[in-house]
Amino acid sequence: MTILRHSFVAAALFAAGAAAFIEPGFAQTETSSETSVYKPSVGQSGKDVVWVPTSQALVDRMLDMAGLTPKDHLVDLGSGDGRLVITAAKRGATARGIEYNADMVALSRRAAQAEGVANRARFDQGDIFKSDFSNATVVTLFLLPDLNLRLRPTLLNMKPGTRVVSNTFTMDDWEPDETAQVTQGCAGHCTAYKWVIPAKVQGTWRMGERQLVLTQKYQKIEGTLREEGAATPISDGRIDGTRIAFTAGTQRYTGEISGRTMQGTIEGGGRWNATMVSR
């Protein structure tokens, strides 16, 4: 049985024991030469990082966290030998890997063909920082913290509700919405982090005769609800994709964001709607 692998991590991590991740049966795919066999090796150099495989157990957990469905389009940044993309395709999603190493791209394409998912699993040779993946509904990555930070502005400008799942490395002060640890079938680098791209709501909103003034830091919001000179602080405010929830005084508001409008319900009864006046 062919064992498929995933992406990249730092050379220092490899020195700390990444070799333990090699499993029997690692894919060996012929290159254009009939007499040579391309064998990816843990720790081999890449453009920005070295290559270390992700355990299949964590691949599965990452896709579970993303809530992947056949309606999704997944993009894996630094797709390595393609295992995450191929696994996503096996679940019915369309998936694309962006990988700088041309040999890895060729290996991945052949593996996708062998696994019968070449019609849903696409692999592009390219630089993740120069590639357009704005149509993704799920983005996966196994990169270094500084690379995650370089990608963060691009990710935050993606469509609200897009899910981002990272192996091992976080996004600095952008706290994850969910964290998972795999304890079975994973020897190292067994933590996954998930973020949901939040809608942008910072600004002033009109709520009937009232004003809702919001500040935003990633998925967290603060502010005030103002009416006739009185200002009620906003607490427990959070954005989950296009969903919003906050408390003003004793009332809990939940709703849906659609561009410059919001509408929803008030806990205990009643409805509310708001229109953005200014950012």
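**Concerning the overall build of the chain**
Working step 1: A count of helices and strands for the chain gives five helices and 19 strands.
Working step 2: Burial statistics for the chain: of 279 residues in total, 51% are counted as buried.
Working step 3: Taking contacts inside the chain between residues at least 6 apart in sequence as the whole, the part at least 24 apart equals 56%.
Working step 4: In the form shown here, the chain has an accessible surface area of approximately 13,100 Å², with 48% of it arising from carbon and sulfur atoms.

**What to know about the sheet that holds strand 17 (residues 251-258)**
Working step 1: Here we have eight strands rolled up into a closed barrel, ordered 12-13-14-15-16-17-18-19, and antiparallel in their pairing. Adjacent strand axes in the sheet meet at a mean angle of 30° when their direction is disregarded.
Working step 2: Of the strand pairs in this sheet, strand 13 (residues 210-217) and strand 14 (residues 220-227) are connected by seven bridges, and their pairing is antiparallel. Considered in strand 14, the bridge of Leu214 is made with Gly223.

**Quick word on the nonpolar core**
One broad trend across soluble globular proteins is that nonpolar side chains are buried collectively.
Working step 1: Among the nonpolar cores identified, the biggest contains 28 residues, and Leu63, Leu68, Leu74, Ala121 and Phe123 are the most heavily contacted of them.
Working step 2: Of all elements in the fold, only helix 2 (56-66), helix 3 (83-90), helix 4 (102-114) and strand 7 (121-125) reach the threshold of two or more residues within this core.
Working step 3: At six residues, helix 2 tops the list of elements feeding residues into this core.
Working step 4: Those residues in contact with Leu74, other than ones at most four positions away along the chain, are Leu63, Leu68, Leu84, Ala88, Thr94, Ala95, Arg96, Val138 and Thr140.
Working step 5: Membership of the second largest hydrophobic core comes to 24 residues, among which are Leu77, Phe133, Leu144 and Tyr218.

**Concerning the layout of surface pockets**
To find leftover empty space, a probe the size of one water molecule is rolled over the atoms.
Working step 1: By volume, the largest pocket amounts to about 150 Å³.
Working step 2: Lining the largest pocket are Leu156, Pro198, Lys200, Val201, Gln202, Gln216, Tyr218 and Arg279.

**Digging into the sheet that holds strand 10 (residues 178-181)**
Working step 1: One open sheet holds the seven strands; their spatial order is 7-6-5-8-9-11-10, and the pairing between them is mixed. What marks the edges here is a single partner per strand, and that holds for strand 7 and strand 10. Neighbour-to-neighbour, the strand axes of the sheet open up by a mean angle of 20°, direction not taken into account.
Working step 2: As judged from the four bridges shared by strand 5 (residues 73-77) and strand 8 (residues 138-141), these two strands associate in the parallel manner. Bridge pairing links Asp76 to Thr140 in strand 8.
Working step 3: The sheet strands contacting helix 5 (residues 145-156) are strand 5, strand 8 and strand 9 (163-167), and the helix crosses strand 8 at an angle near 175°.

**Considerations on the pairing of strand 16 (residues 243-248)**
Working step 1: Of all six residues in strand 16, five are buried, a share of seventy percent or more.
Working step 2: In this structure, the hairpin formed by strand 15 (residues 230-240) and strand 16 is closed by a connection of two residues, where Gly241 is found at a positive phi of approximately 70°.
Working step 3: With six bridges connecting them, strand 16 and strand 17 associate as antiparallel partners. Bridge pairing in strand 17 links Arg243 to Glu256.
Working step 4: Between strand 16 and strand 17, which follow one another and run antiparallel, lie two residues, and Gly249 among them has a positive phi close to 65°.

Rules used in this analysis
- Residues numbered from 1 in each chain as written.
- Predicted model: local features only at pLDDT ≥ 70, side-chain atom pairs only at ≥ 80, totals over all residues.
- Heavy atoms only, no water.
- Helix = DSSP H or I, 4+ residues; strand = E, 2+ residues; numbered from the N terminus.
- Buried < 20%, exposed > 50% of the residue type's maximum accessible area, 1.4 Å probe, protein only.
- Contact = heavy atoms within 4.5 Å.
- Areas by Shrake-Rupley, 256 points an atom, 1.4 Å probe, with all protein chains shown as cover.
- Pairing = 2+ DSSP bridges.
- Axes fitted to C-alpha atoms, helices over the stretch in contact; angles between N-to-C directions.
- Core = buried A, V, L, I, M, F, W, Y, C linked by side-chain atoms within 4.5 Å.
- 1 Å grid on protein atoms, 1.4 Å probe; cavity = no way out; pocket = protein on both sides within 12 Å on 5 of 7 lines; lining within 4 Å.
- Points joined across faces, edges and corners; volume = space filled by probe spheres on them.

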